[in-house]
Amino acid sequence: MVKGVRFDGYRDVGHPVTTAKVYDAQGADELLFLDITATAENRRTLFDAVSRTADECFMPLTVGGGVRTLDDVRALLLAGADKVSINTQAVLGPELVSEAAERFGSQAVVVSIDVKSGVVWTHGGHQPTALRPADWARRVADLGAGEIMVTSIDREGTRSGYDLDLVRAVADAVPVPVIASGGVGRLDDLVDGIREGHASAVAAASIFHFTDQSVIKARAYMRQAGLEMRIA
Amino acid sequence: MIAVVDYGMGNLRSVFKALEAIGEEPRVTRDAADLRSATHIVLPGVGAFAQCVANLRATQLVDVLEEQVRERKKPFLGICLGMQLLGRDSEEGGRHEGLGWFPASVRRLHGDVGLKVPHIGWNDVRAQPESPLFKGVRHPVFYFVHSYYMDCENPQLVSATCDYGITFPAAIVADNVWAVQFHPEKSQLNGLRFLQNFLSGS
């Protein structure tokens, strides 16, 4: 398992299944597994990590990276994912989003949107498109995406806070829940993502991998800030 | 043996593993003989209603389920779509008929009150005071992921509710038939405890 900065400079941060078990024990509400290279060789590793995590952690799992076909979606759901995240392929062939929603239900289909300099990027943040994030979010929600994850590539791994304007623009544009991602450095950022970004959920990685903040502290902090949090 | 009904839909593996984790010996099966010899039957379900009901009918297990659960009163648990399939009908993707075990229709949650649909995440569940559902669960909070809910005509059958814009049934119980909208297999320790309650109490 690795963690990068702006989709680059990846550092090894440990074994995915072991880490997942720690977050499970700390009461994380959900785990996101993203296979950033999605090579053929890596896919076996991903499936293995997902199924072994699902075998031991009885909590929601969203899995993404390299999802191109309905068979990919089905295979990940069978491995134990509850939701499958589609990114590049949603741009290349948006019918995958509608077909997956029809087949497995909208609730199982997440579209992940990576944004840099105001437009959507694909291929792990390597190729720009002409799509504006809020327009694209509206389109995929119409196609049947049940959830949208929006990641600021500029902020990702920098611990400088979410791009709140971006998150809010996307969250206000769609009737489905939006997960904010990319940039959390302080626990306040999580609160801001919900309150100012209008996100339904907030995701973070660096802050948990590289600092002494934990899911337990994050949850307590958010509750103290007046947000409704689950008593785990 | 606990039979987990395999009809080509949904997250069977998680349900199987959760039952294993509480010390049971589940079997994922589409064999009528297994449903007959099982002590309990679990019907999971993730997906779209029409596809699920078509798949379930295609297994030709509906008659065996009716015989074992409705006539012989074998303990049964329907999860999420496995709950909704027990309704009379659903408005998901047109109008489709369910098994009709409960006087209920499956309707879409509406986002017009400013809430996002699907309803995804952990939410509080309130059980009827005498209900055995959440025995031993201190804070009944469970994981939901759904766009449709069971609109049940008989409030007596609704043994737990959840609020999301409207109040909808989180659990419907009629004798040996338990059905829940949330995912016990994804609700960490609360979920495992709920499964234990089902096995010991239904």
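Residues numbered from 1 in each chain as written. Chains lettered and ligands numbered in written order. Predicted model: local features only at pLDDT ≥ 70, side-chain atom pairs only at ≥ 80, totals over all residues.

Here we take up the overall build of chain B. Each helix and strand counted, chain B has 6 helices and 14 strands in total. Radius of gyration (C-alpha) of chain B: 15 Å, near the 17 Å computed for a compact globule of 202 residues. Principal-axis analysis of the C-alpha atoms places the extent of chain B at approximately 50 × 40 × 30 Å. Counted over contacts in chain B with a minimum sequence separation of 6, partners at least 24 positions apart contribute 66%. (Helix = DSSP H or I, 4+ residues; strand = E, 2+ residues; numbered from the N terminus. Rg over C-alpha atoms; globule rule 2.2 N^0.38 Å. Contact = placed C-beta atoms within 7 Å.)

Here the focus is the sheet that holds strand β11 (residues 148–152) of chain B. The strands making up a sheet are joined through hydrogen bonds of the backbone, oriented either antiparallel or parallel. The sheet built from 4 strands is open, its strands ordered β6-β5-β7-β11 (chain B) with mixed pairing. Here the strands that pair on one side only, and so sit at the sheet edges, are β6 (96–97) and β11 of chain B. (Pairing = 2+ DSSP bridges.)

Residues and elements named next belong to chain A. It is the contact of helix α3 (residues 70–79) with helix α5 (residues 95–104), at a shortest axis distance of 10 Å, that shows an interaxial angle of 40°. When the interaxial angle is binned, α3 and α5 end up oblique. Handedness of the crossing formed by α3 with α5: right-handed. In contact with Leu70, Val73 and Leu77 of α3, α5 contributes Glu99, Ala100, Arg103 and Phe104. (Axes fitted to C-alpha atoms, helices over the stretch in contact; angles between N-to-C directions. Parallel < 35°, antiparallel > 145°, perpendicular 65-115°, else oblique. Left-handed = near helix turned anticlockwise from the far one by under 90°.)

Following the sequence through the fold, Arg57(B) ends up in helix α3 (residues 49–58). Sequence separation of Arg57(B) and Arg107(B) is 50 residues, and the distance between their C-alpha atoms is 21 Å.

Residue and element names in this part refer to chain A. Because side chains alternate across strand β10 (residues 178–181), one face comprises the buried residues Val178 and Ala180, and the other comprises Ile179 and Ser181, equally buried. In the sheet, strand β9 (residues 147–152) pairs with β10 via 4 bridges, with the strands oriented parallel. Counted as the bridge partner of Val150 is Ala180 from β10. Pairing analysis gives 2 bridges linking β10 to strand β11 (residues 201–202), with the strands arranged parallel. Paired with Ile179 across the bridge in β11 is Ala201. After leaving β10, the chain enters helix α8 (residues 187–195) and then returns to the sheet as β11, a path that is right-handed. (Buried ≥ 20, exposed ≤ 12 C-beta atoms within 10 Å, placed from the backbone. Right-handed = clockwise from strand over helix to strand, strands pointing away.)

The subject of this paragraph is the interface of chain A and chain B. Contact residues are listed per partner, giving 26 residues for chain A and 28 residues for chain B. If you list the elements that add at least two residues to the side of chain A that touches chain B, you get α2 (40–56), α3 and α5 of chain A. Examining the composition of the side of chain A that touches chain B, we find that 3 residues originate from one element, α5(A), more than from any other. Its residues assigned to classes, the side of chain A that touches chain B comprises 13 nonpolar, 6 polar and 7 charged. (Nonpolar A, V, L, I, M, F, W, Y, C, P; charged D, E, K, R; others polar.)

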